[in-house]
Amino acid sequence: MSDVNRYIITLTGIVQGVGFRPFVFRVANRLHLNGWVENGGSRVIVDVEGKEDSIKEFIHILQNEYPSNATITDFQIKSQQLFGYTDFSIKTSDAEENTANFLPADIAVCKSCIKEFNTLGNNRFQYPFISCTNCGPRYSIISSLPYDRETTSMSEFKMCSQCISEYCTPRNRRFHAQTNCCSDCGPVLKLLDAHGNTVDSSDCVKLARQLICRGKILAVKGIGGYHLCCNAKDLTAVQRLRRLKHRPHKPLAVMARNIESINKICEVSKQEKEILTGSKKPILLLQKKSPEYLPQDIAPNQKRLGIMLPYAPLQFLLFSDETNYLVMTSGNISGSPICYQDDVAVSSLSHVADYFLVHNREIIVPVDDAVVKVADGYEILVRCGRGYAPLIIPIEAKSRVLAVGAEQKCSLCITENGYATVSQYIGNLNEYQTYKVFNKQIKHFESLFRYCPDIYAYDLNADYLSTRYAKEQVGKKIAIQHHHAHMAGCMAENKLSNKAIGVIYDGTGLGTDDAIWGGEFFVGSFSGFKRVGHLKYVTLQGGDSVVREPWRCALSYLLALDIDPQEFLPQINLLAIEMVKSAIKNKIKCFKSSSMGRFFDCVAALCGFETQITYDAQAAIELESIVDKEIYDFYKYSIINTEDGFVLGYEHILNEILRDIRKQEQKSIISTKFHNTLIESTAECVCKIREKTEIKDIVLSGGVFENIYLLERLASKLRNLKFNVYYNRLTPSNDGGISFGQAVAAGSILKENHYVSCGSSKSNQH
Ligand SMILES: [Zn+2]
Ligand SMILES: [Zn+2]
Ligand SMILES: [Zn+2]
């Protein structure tokens, strides 16, 4: 017979809003243990008394079988004197103690709820807002902490007696489910026409379904905002949606009825299936099967399709026998943030949507769908959104940093007590509406966390609106060089605290010499870096238009090589070419660039891709989409050791590409050889850096590493060369990850006392 003992167990992590206390309660009851469990914000405290054997089993279950949406970062056990409890209870939480810094993410509807949803006779049969302790919206409906019904937009809905009874019964799976409701007491749907007038209908879901079948475009209010939705098989509807949304090329996300319908149109690995069917339900980028089943217009010139499964109960009701695939794209007009407020949605989407399917539960925080992919055997986050946001990542520094991110794909990050909280993707700040959302999100974070930062971290680029915002604040602030932020973030999520080699291939970021960087080799730590190599500078002409019009990059490169551009850019008119030539000669709107993103644009334009792009990195993405994995050839390249570090030359590479173009070589061959050249030359360059520094840890970051072929092949090559290779998985390698990197760098600089008033990371460049 084993002894009776008592312990206090403290679990820290994401334990709120994920059904942790009922889980502990059930396990304790099953094992005949007494005591209590209490929620203290980011902690769950368990006081447990009983037989030692049972307690051992209890602890084992707590550590290994906790709810799938919880994350445990710390587990402490302390022995106590016996108390003599006679039962096991759930204590109500103490609001004062509940200053949690862990915000729960939204969770897709769970299997148990879906089962009820599909069961005729169940009181929640086809009820579009069914949820339980294990599922439902969280982050998008929380207005303050602690997470409780009263602090969410569910507070509007008073539970009926049936729902209250579920809410109060510890053995019920809706015990303390803050989103608990039913058709008697919860949110309701409404169908509106394009002018916002209510459409009379006894069954608006059925009508909505019919409208989709008839080729109509619907704006549907979801969890984190509005979607624009139409039948994905209906080419006319898809083309009309593109035209009205001013989105000519950017891929549209598709929602498929079930996993079988995804299998029919895309290649799905076991790992990918798990991501698709898990509790986050992101948009997953999958390889299309050929011949293409859905119209090409959904993702033109792409090998991959962004696809997801329904995650809000309402979405299950939109499918019918004729519509197994729906376009589900963010409800916005190209460039603007996702609509989430009903009146704004109706006014800004009425010229796109024929009807609006809305409900009366308020969305507090707009959250786009998250985008992920599988590369190199790992799930990689491309855009942080619903289900993933906010990201909570343990870091070394304890200080409170508010990092405001970059300009494009902006996100925010705040740190406190050794944890970073990274916001959802906010968007491109040069759009006024997005900047408003950015301001609102900062205020929301500050009030949620009752937060006053020790320091603000921002980008070196003074033109970014995020930078301007930070500079206007009172208190300490620090600029972090853009690519150092990419590197620091990547190192921190991979828990690398010693010096590493950074290969940062990116679009645009201001360097410490006022040039545009983006093909960078660093040796650095969280708090500082040394630039030990870069892609050779070229003079680019044309400010922002260089990014939108890749032919301008190609032209600048050709002029740098003293090559007549007309032969290689026949589609560009002579006058335009002459204007750029003369601007370069007179140094008008010219800047030095080592950007790898722009080098990709140059090659894409020479290969004859779009001369003007309509979404970010379009040219580079299209160049990657024609890579032929069976080709291993590469072009000649040069690496010169200069006072400035290693300089990777572009002359040989471009000359050979031009020779191939003259020979009318296939584009896919040119593209593959170009990719392979970068892999070879990058590997050679970092080997040279290793010889000098003896550093074997290498991080690959920056937007260019969204290129799966480049990432996988380079990582594999570097591993063969005995490097320890790390890249972004938890945070995006694009500028969506910048805020996290800025926060890590600033926190470290503070910790190491390197902070100088009005300092910038120029002072952190060694
Ligand atoms: Zn559920
Ligand atoms: Zn109810
Ligand atoms: Zn960047």
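Here the structure is shown first, and the text comes after it.
Not measured: the values here are computed from a predicted model.

(A) Local environment of the overall build of the chain. Counting secondary structure elements, the chain contains 22 helices and 30 strands. What you see for the chain is a C-alpha radius of gyration of 27 Å, in line with the 27 Å of a compact globule of 766 residues. On the principal axes, the C-alpha backbone points of the chain span a range of 85 × 65 × 50 Å. Per-residue burial for the chain yields a buried fraction of 62% across its 766 residues. The long-range fraction of contacts in the chain, counting pairs at least 24 apart against all pairs at least 6 apart in sequence, stands at 71%. Here the chain has roughly 30,400 Å² of accessible surface; of this, 47% comes from carbon and sulfur atoms. Here the chain carries 87 positive and 83 negative side-chain charges, and the mean point of each set is 1 Å from the other.

(B) Structural context of the packing of helix α13 (residues 482-493) against helix α22 (residues 738-751). Relative to each other, α13 and α22 sit at 85°, their axes nearing to 7 Å. Our classification of the angle between α13 and α22 gives roughly perpendicular. Contacts from His482, His484, Ala485, His486, Ala488, Gly489, Ala492 and Glu493 in α13 reach Ile738, Phe740, Gly741, Gln742, Val744 and Ala745 in α22. For the contact of α13 with α22, a count of residues per class yields 7 nonpolar, 6 polar and 1 charged.

(C) Seen up close, the coordination of the zinc ion (ligand 1). At the metal site, the zinc ion (ligand 1) is ligated by Cys110 (SG), Cys113 (SG), Cys132 (SG) and Cys135 (SG), and these contacts range over 2.3 to 2.4 Å. Classification of the site at the zinc ion (ligand 1) rests on its 4 donor atoms, whose angles at the metal span 102 to 116°, yielding the label tetrahedral. On the basis of relative accessible area, Cys132 is assigned to the buried category, the value being 1%.

(D) Here's a closer look at helix α21 (residues 708-720). In a regular helix each residue adds 1.5 Å, so 13 residues correspond to 18 Å; α21 covers 18 Å between its end C-alpha atoms and thus fits that length. Every buried residue of α21 is accounted for by Ile708, Tyr709, Leu710, Leu711, Leu714, Ala715 and Leu718. Here α21 starts with a cap whose side-chain oxygen sits 3.3 Å from the backbone nitrogen of Tyr709, and that cap is Asn707. Lys722 sits one or two positions beyond α21 and adopts a positive phi of about 70°.

(E) How the structure looks around the packing of helix α17 (residues 596-606) against helix α18 (residues 618-625). For the pair α17 and α18, interaxial distance at closest approach is 8 Å and the crossing angle is 65°. Between α17 and α18 the crossing geometry is left-handed. Taken together, the residues of α18 that come into contact with α17 (itself represented by Phe600, Asp601, Val603 and Ala604) are Ala619, Ala620 and Leu623. Partitioned by chemical class, the residues of the contact of α17 with α18 number 6 nonpolar, no polar and 1 charged.

(F) A look at the coordination of the zinc ion (ligand 2). Distances from the zinc ion (ligand 2) to its protein donors, Cys160 (SG), Cys163 (SG), Cys182 (SG) and Cys185 (SG), fall within 2.3 Å. Because the angles between the 4 donor atoms bound to the zinc ion (ligand 2) fall within 105 to 117°, the donor set is best described as tetrahedral. Sequence spacing of the donors to the zinc ion (ligand 2): C-x2-C-x18-C-x2-C. The buried category is assigned to Cys182, whose relative accessible area is 2%.

(G) Representation of the packing of aromatic side chains in the model. A complete count under the given rule lists 22 aromatic pairs for this structure. Judged by centre distance (6.4 Å) and plane angle (25°), the ring pair of Phe20 and Tyr66 falls under stacked. In this pair, Phe20 is assigned in helix α1 (residues 20-30) and Tyr66 in the loop between α2 (52-64) and β4 (71-80), connecting sequence segments 46 residues apart. Considering the side-chain rings of Tyr557 and Tyr650, the 4.9 Å spacing of their centres and the 90° angle between planes classify their relative orientation as edge-to-face. A residue pair is termed long-range when its members are at least 10 positions apart, and Tyr557 in helix α15 (residues 550-560) and Tyr650 in the loop between β28 (645-649) and α19 (651-662) qualify at 93 residues. With relative accessibility at 0%, the residue Tyr557 sits in the buried group. By the ring-pair criterion, three or more aromatic residues cluster together here, those being Tyr557, Phe599, Phe600, Tyr650 and Phe674.

(H) Focus on the pattern of salt bridges. Tallied over the entire structure, the rule returns 26 salt bridges. Across the pair Glu274 and Lys270 runs a salt bridge whose closest N-O atoms are separated by 3.9 Å. Of the two residues, Glu274 and Lys270 both sit in helix α8 (residues 270-277), 4 residues apart, roughly one turn of that helix. Ionic pairing is found between Arg531 and Asp513, a salt bridge with its closest N-O pair at 3.8 Å. Pair noted here: Arg531 is in strand β24 (residues 529-535) and Asp513 is in the loop between β22 (500-510) and β23 (516-524), with a separation of 18 residues, a long-range link. In this structure Arg531 comes out as buried when scored by relative accessible area, which is 10%. Taken together, the shared-partner salt bridges in this structure form one network comprising Glu116, Arg173 and Arg174.

(I) Quick look at the sheet that holds strand β20 (residues 455-459). Strand order in the open sheet formed by 6 strands is β16-β19-β18-β17-β20-β21, and the pairing between neighbours is mixed. On the outer flanks of this sheet lie β16 (391-394) and β21 (476-480), each paired with one strand and no other. Adjacent strand axes in the sheet meet at a mean angle of 20° when their direction is disregarded. Bridge analysis of strand β17 (residues 401-403) against strand β18 (residues 413-416) gives 2 bridges, and the strand direction is antiparallel. The partner of Leu402 across the bridge, within β18, is Ile414. On top of the sheet, helix α12 (residues 465-472) reaches β20 and β21; it is set at about 155° to β20, its chief contact.

(J) Quick look at empty space enclosed by the protein. What the rule picks out here adds up to 9 cavities of 30 Å³ or more. Along the wall of the largest cavity there are 24 residues; nearest its centre are Ile223, Tyr311, Ala312, Pro313 and Arg361. Looking at the lining of the largest cavity, the elements with two or more residues in it are β7 (218-221) and α9 (313-316). Here the lining of the largest cavity gets 3 residues from one element, more than from any other, and that element is α9. In the lining of the largest cavity, the residues fall into 14 nonpolar, 6 polar and 4 charged.

(K) Layout of the sheet that holds strand β9 (residues 254-256). As summarised here, the arrangement of the 10 strands in space is β6-β13-β7-β8-β12-β9-β11-β10-β14-β15, forming an open sheet in which the pairing is mixed. Each edge of the open sheet is held by one strand with a lone partner, namely β6 (189-193) and β15 (378-383). Strand after strand, the sheet turns through a mean of 35° between neighbouring axes, direction not considered. Alignment of strand β8 (residues 226-231) against strand β12 (residues 325-330), held across 5 bridges, turns out to be antiparallel. Pairing of His227 across the sheet is with Ser330, part of β12. Across the sheet, helix α5 (residues 204-213) touches β6, β7, β8, β12 and β13 (355-359), and the angle it forms with β6 is around 45°.

Parameters at a glance
Residues numbered from 1 in each chain as written. Chains lettered and ligands numbered in written order. Predicted model: local features only at pLDDT ≥ 70, side-chain atom pairs only at ≥ 80, totals over all residues. Heavy atoms only, no water. Helix = DSSP H or I, 4+ residues; strand = E, 2+ residues; numbered from the N terminus. Rg over C-alpha atoms; globule rule 2.2 N^0.38 Å. Buried < 20%, exposed > 50% of the residue type's maximum accessible area, 1.4 Å probe, protein only. Contact = heavy atoms within 4.5 Å. Areas by Shrake-Rupley, 256 points an atom, 1.4 Å probe, with all protein chains shown as cover. Lys, Arg positive; Asp, Glu negative; His and termini not counted. Charge placed at Lys NZ, Arg CZ, Asp CG, Glu CD. Axes fitted to C-alpha atoms, helices over the stretch in contact; angles between N-to-C directions. Parallel < 35°, antiparallel > 145°, perpendicular 65-115°, else oblique. Nonpolar A, V, L, I, M, F, W, Y, C, P; charged D, E, K, R; others polar. Donors = N, O, S within 2.8 Å, 3.2 Å for Na, K, Ca; no water. Tetrahedral: all angles 85-135°; square planar, octahedral: opposite > 155°, others 65-115°. Expected span 1.5 Å × (residues − 1). Polar contact = N/O pair within 3.5 Å; in protein donor to acceptor, adjacent residues only side chain to side chain. Left-handed = near helix turned anticlockwise from the far one by under 90°. Phe/Tyr/Trp six-rings, centres within 6.5 Å; stacked < 30°, edge-to-face > 60°. Salt bridge = Lys/Arg side-chain N within 4 Å of Asp/Glu carboxyl O. Pairing = 2+ DSSP bridges. 1 Å grid on protein atoms, 1.4 Å probe; cavity = no way out; pocket = protein on both sides within 12 Å on 5 of 7 lines; lining within 4 Å. Points joined across faces, edges and corners; volume = space filled by probe spheres on them.

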